[in-house]
Amino acid sequence: MRRILSLLLVLMLWGCNDSSVNEDDLHYLNGYWEISEVEFPDGSIKEYGLNTNIDFIHLKKNEGYRKKMKPKFDGTYDTSKDVERFSIAQSNERFTLYYESEFSEWEEKLVRLDSLTFSVINQEGVTYRYKRFEPIKIPQ
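Residues numbered from 1 in each chain as written. Predicted model: local features only at pLDDT ≥ 70, side-chain atom pairs only at ≥ 80, totals over all residues. Heavy atoms only, no water.

## Focus: the packing of aromatic side chains
Summed over the entire model, instances satisfying the criterion amount to eight aromatic pairs. Centre to centre, the rings of Phe56 and Tyr65 are 6.2 Å apart; their planes meet at 50°, and the pair counts as tilted. Considering the side-chain rings of Phe118 and Tyr130, the 4.5 Å spacing of their centres and the 5° angle between planes classify their relative orientation as stacked. One end of the pair, Phe118, is in strand β9 (residues 117-122); the other, Tyr130, is in strand β10 (residues 127-132), and 12 residues separate them in sequence. In this structure, Phe118 and Tyr130 share a single accessibility class: buried. Site record: aromatic cluster; members linked through ring pairs are Tyr32, Phe56, Tyr65, Tyr77 and Phe133. (Phe/Tyr/Trp six-rings, centres within 6.5 Å; stacked < 30°, edge-to-face > 60°. Helix = DSSP H or I, 4+ residues; strand = E, 2+ residues; numbered from the N terminus. Buried < 20%, exposed > 50% of the residue type's maximum accessible area, 1.4 Å probe, protein only.)

So, in C-alpha cells, the structure goes:
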C-alpha cells in the first residue's frame, strides 16, 4: 500500500511541474488561441473568462506571425491588418520567441506547450497562459 501511495505522490508531483518544451511540439503553436490568465511578478493573477479577441499563430520553420482576431457567431473572424512577426530559437534548453514590428522589438520565453495550452513569460516577468480557442457553436 505504501508503494502505491508513494508512486501516486511522485506521479502527481511530476504532473504538476511545468514541462520543458520539446522542438517536436512547436507545431502545436499553430492555430487559434485565447488567453486564460496572466500572472504578474508579485504573484497576483488575472483570469479571463470570455474573450472578444483571440490570437491566430502561424509557425513554419522557426519563423511565424501572430494576428489578433475577433470571432463572429457565424464561425468567421474579423481581423486587422496588423501582424506581429516572430522567430523562435533555442538557447539554454529553452525556446524564445523574438518579435519584431515597425514600432518595437521584444521577446517571450516559451515555458509550456502542448496541444491544448501554452504559456510564455516576457522580459518584465509577466506570464501569459493560453488555451486552445473553441468557437461558440450556436444551434440552428
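## Structural notes on the side chain of Asn122
Looking at where Asn122 falls in the secondary structure, it is placed in strand β9. Leave out the neighbours within four places in its chain, and Asn122 touches Glu107, Glu108 and Tyr128. (Contact = heavy atoms within 4.5 Å.)

## What to know about the confidence of the model for the protein
Confidence in the prediction for the protein averages 86 pLDDT; 84% of positions are at 70 or higher. Model confidence for the protein, summarised as mean pLDDT per element, is weakest for helix α1 (residues 2-16) at 41 and strongest for β10 at 98. (pLDDT = per-residue confidence, 0-100.)

## Quick word on the nonpolar core
In this structure, Leu26, Leu29, Ile88, Leu110, Leu113 and Phe118 are the most contacted members of the largest nonpolar core, which totals 19 residues. For this core, the secondary-structure elements that each account for two or more residues are β1 (31-39), β3 (54-60), β6 (84-91), β7 (94-100), β8 (105-113) and β9. Setting aside chain neighbours within four positions, we find Leu29 in contact with Ile57, Leu59, Ile88, Leu110, Leu113 and Phe118. (Core = buried A, V, L, I, M, F, W, Y, C linked by side-chain atoms within 4.5 Å.)

## Observations regarding the environment of Asn30
Relative to the helices and strands, Asn30 resides in the loop between α1 and β1. Placed 28 residues apart in sequence, Asn30 and His58 show a C-alpha to C-alpha distance of 4.8 Å. Contacts of Asn30, omitting those with residues within four sequence positions, involve Ile57, His58, Leu59 and Arg132.

## Points about the pairing of β6
Pairing of strand β4 (residues 63-71) with β6, which is carried by four bridges, proceeds in the antiparallel orientation. Bridge pairing in β6 places Glu63 opposite Ser87. What sits between the antiparallel neighbours β6 and β7 is a turn of two residues, in which Asn92 has the positive phi angle 50°. (Pairing = 2+ DSSP bridges.)

## What about the side chain of Glu34?
Among the structural elements, Glu34 can be located in strand β1. Engagement of the side chain of Glu34 in a polar contact is seen with the side chain of Asn51, the distance being 2.8 Å. When residues no more than four places from it in sequence are discounted, the contact partners of Glu34 are Gly49, Asn51, Ile54, Arg129, Tyr130, Lys131, Arg132, Phe133 and Glu134. (Polar contact = N/O pair within 3.5 Å; in protein donor to acceptor, adjacent residues only side chain to side chain.)

## Comments concerning the pattern of salt bridges
Inspection of the entire model under this criterion finds eight salt bridges. Here Glu37 and Arg129 are joined by a salt bridge, their closest N and O atoms 2.9 Å apart. Residue Glu37 is located in strand β1, and its partner Arg129 is located in strand β10; the two are separated by 92 residues in the primary sequence. Note that Lys109 and Glu107 form a salt bridge whose closest N and O atoms lie 3.9 Å from each other. With a relative accessible area of 31%, Lys109 lands in the partly exposed category. Several salt bridges converge on common partners, so that one network encompasses Asp55, Arg66, Lys68 and Glu108. (Salt bridge = Lys/Arg side-chain N within 4 Å of Asp/Glu carboxyl O.)

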